[in-house]
Amino acid sequence: MDQWLRLSGNGMSFDWLVFDEGYGAAVPFLKFLNLVNQRFVAEVPVNFTVRQKAGGLSQRADVRLTATDARNGQRHRLAHQTVRASYWRAVTATVWVADREHTLVAAVDEATGEVKYFLTNATTPLNRVLEVAFRRWTVEHAFRLGKQEAGLLDYEGRNYKGLVRHLTLALLVLGFVTIQTQRLRGEKPRGDSRAGVPSVESTVRGVVSSASGHPGNSARQ
């Protein structure tokens, strides 16, 4: 919360915040984001407590929306640059959390059967919510590449200034590798999309395609 306030005070804003179960389960944090009108998509644990209406009885997320509900939900295609697209079945329900109405999402991976739960305070179509929710893995992918390919893991200094310089150099190297990878992909025969180091996926701005054949949501984030 302190970091958000400092960044906001310095003129920075965020289209979305996306975070894992650790932050998603922190109801005071979610309440703060609602107070400052910050849109978010939070992954939440299966035992996360929700209410069907204001002042209603509490129940677990996986009781409000079961895995079976998700399997019977709408099919969504999530495109990725470095691996094949994934297909998720997802369903939503209106719930109350932190004294405010939210949307609970249950999603299941068609290939693996993995089930995930998300909570959002945004009034946005489900396909966009899923695009945002899974953007967190893109950030983690970038960190993994930075550690493997750009020396991000190899800092052995003892002060903050040195750490910032190391992070800056690692990001510059990763950016250079990404640009060169994209260039090499353009020179390869058609259909070869795996030249060099996998690149970071593009941003989630712009039009999001709809797997169900309906027009995508063209609103910018």
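Residues numbered from 1 in each chain as written. Predicted model: local features only at pLDDT ≥ 70, side-chain atom pairs only at ≥ 80, totals over all residues. Heavy atoms only, no water.

S.K.: If you had to explain the pattern of salt bridges to someone new, which residues and values would you point to?
M.R.: Considering all chains together, one arrives at six salt bridges under this definition. For the salt bridge of Lys116 with Glu114, the shortest nitrogen-to-oxygen distance reads 3.3 Å. Judged by relative accessible area, Glu114 falls into the partly exposed class, the value being 36%. One salt-bridge network, in which partners are shared between bridges, spans Glu43, Glu114 and Lys116. (Salt bridge = Lys/Arg side-chain N within 4 Å of Asp/Glu carboxyl O. Buried < 20%, exposed > 50% of the residue type's maximum accessible area, 1.4 Å probe, protein only.)

S.K.: Which residues make up the side chain of Asp109, and what are the values?
M.R.: By the secondary structure assignment, Asp109 is in strand E7 (residues 100-109). Here Asp109 sits buried without a salt bridge, and the closest side chain of opposite charge, Lys116, lies 9.0 Å off (N-O distance). (Helix = DSSP H or I, 4+ residues; strand = E, 2+ residues; numbered from the N terminus. Lys, Arg positive; Asp, Glu negative; His and termini not counted.)

S.K.: Give a detailed account of helix H6 (residues 126-133), specifying residues and quantitative values.
M.R.: Counted residue by residue, H6 has eight buried out of eight residues, so it is predominantly covered. Among all positions in H6, only Leu126, Asn127, Arg128, Val129, Leu130, Glu131, Val132 and Ala133 are buried.

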